[in-house]
Amino acid sequence: MVFWSQCEELDGTVKSVLEPVAADIDRENIIPEDVLNQLFDVGVFDLGDSLGDLLCKVRVVARYSPAVAHTLLVHAGSWLALGRPELGRGEILALSITEPGGGTDLRASLKTKAEREGEAWYITGTKIFTSNAPYASDYVVLAVGPAGPSLYRVSRSGNVKYELLDLIGLRGTGASIVHYERAGGQPVGTPGKGIKEALKGINLGRLGYGAIALGIIDASLRIIVEKASSTVIFGRELLTYQGIKWRIADIHMKARALEDLIEAIVSRAGDTWIVDPERAAIVKVMGAEAAQKASWAAVQIMGGRGLARWSKPERLQRDARALDIGEGAREVLLDYIASQAVKAYT
Ligand SMILES: Cc1cc2nc3c(=O)[nH]c(=O)nc-3n(C[C@H](O)[C@H](O)[C@H](O)COP(=O)(O)OP(=O)(O)OC[C@H]3O[C@@H](n4cnc5c(N)ncnc54)[C@H](O)[C@@H]3O)c2cc1C
């Protein structure tokens, strides 16, 4: 537990900010500005701390709103892809990579262009599923420039227009279609190396999905234990049934394994924040699976009440589902993990 306990003192504060509004965020599909401001005030969006501290914050926030945790994580991934610049207070970043042609085969679907006129650069194209679009002051955009795929920092302006998507999971994280209409931008990083540089943020995102998964598991286990210890069925507390205890054990074991794996990756990354891509992919696949199982169990133990629309278990299982698609589809990551395994055993 090198870092998981570090931001536990934030739990009470985050709970008091998010618990009263989490269902509304999900229903309205947007995080109100005053909620973001409160989270800035208590330091949730500060990125200067260690990678472990960030992941711990993502986990704590995800207990109450996985969508808000996702917004924090995408902000951090964009910041890493930009080379960890100083940010002003209240600034939120977005990473705008995926295009309507498909997110898996990035190179084939990349149509957004960057054109130079004198010292100025203009970005033109359409992206899809850009999280944080409604909140971002700056967008880190992958576009084809003279040297090939490169990253550009585009500031919010009238030439950046977004349409919020109505998804079933992580509602409120602001996933949007974004149109860049000759939007002014500045190149960042090495020209032609945009995909590699975006992957720094994407790999952090994959690792962070493991922290979101842990937050969903924490919230699910709280629901399960509370219900199981306060309900008597056929004359026995639910918690005394082996079927319930083994289910709790199964979820808890996976959470512990995930904690330790994330901790080992963070320790290897050190101050660089550059995470091992293979292990980040493993964390994402394992985390999504465990979070889906845990949130499904939370719905189940609540009986019919677990199916109530906007109830916490219902929201958690929709959010857990999204973890298998965002930051790279599960099958693509399994293909990659398999290729690493084949290399290791050849
Ligand atoms: C909630 C959410 C937030 C997101 N946030 C961002 C963001 O901030 N910025 C951004 O740029 N993008 C973002 N994305 C996009 C995300 O990265 C893509 O959705 C993802 O990469 C998959 O791309 P796609 O949706 O276009 O699906 P496609 O690439 O069209 O793939 C469709 C499906 O094909 C299957 N598939 C693909 N390859 C294989 C294979 N090799 N074997 C078997 N099956 C396969 C998978 O099941 C996959 O889901 C977000 C997505 C979601 C859901």
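Residues numbered from 1 in each chain as written. Predicted model: local features only at pLDDT ≥ 70, side-chain atom pairs only at ≥ 80, totals over all residues.

1. Considering unusual backbone geometry
Convention followed: In this description a helix means any DSSP run of H or I spanning at least four residues, a strand means any run of E spanning at least two, and both kinds are numbered starting from the N terminus. To sort residues by burial, count the other C-beta atoms lying within 10 Å of each one's C-beta; a count of 20 or more means buried, 12 or fewer means exposed, and anything in between means partly exposed. C-beta atoms are built from the backbone.
Although it is not a glycine, N29 adopts a positive phi angle of roughly 65 degrees. Assignment of secondary structure puts N29 in the loop between α2 (22–28) and α3 (33–41). At W273, a residue that is not glycine, the phi angle is positive and equals roughly 65 degrees. Position of W273 among the secondary structure elements: in the loop between α8 (242–269) and α9 (277–301). What makes W273 buried here is the crowd of 21 C-beta atoms within 10 Å.

2. Some details on the nonpolar core
Grouped burial of nonpolar side chains is what soluble globular proteins tend to show. Filter applied, for reference: Think of a nonpolar core as buried Ala, Val, Leu, Ile, Met, Phe, Trp, Tyr and Cys residues, each tied to the set through C-beta atoms within 7 Å. We call two residues in contact whenever the C-beta atoms placed from their backbones are within 7 Å.
The biggest cluster of nonpolar side chains holds 103 residues, and the ones touching the most others in it are V58, V61, I212, A213 and I216. In terms of residues, this core owes the most to one element, helix α7 (residues 194–228), which gives 15 residues. Among all residues touching I212, those that are not within four sequence positions of it are V58, A62, P66, A69, H70, L73 and L323.

3. Some remarks on the domain arrangement of the protein chain
The following threshold applies: What marks off one domain from the next here is an automatic or database domain assignment. Residue polarity is assigned by list, with Asp, Glu, Lys and Arg as charged and Ala, Val, Leu, Ile, Met, Phe, Trp, Tyr, Cys and Pro as nonpolar; anything else, Gly included, falls into the polar class.
According to the domain assignment, the protein chain consists of domain 1 (10–81), domain 2 (93–191) and domain 3 (196–344). The interface of domain 1 with domain 3 comprises 23 residues on the first partner and 22 residues on the second. Elements supplying a minimum of two residues to the side of domain 1 that touches domain 3: α2, α4 (51–64) and α5 (66–81). Of all the elements, α5 adds the most residues to the side of domain 1 that touches domain 3, at eleven residues. Looking at the side of domain 1 that touches domain 3 residue by residue, the classes come out as 15 nonpolar, four polar and four charged.

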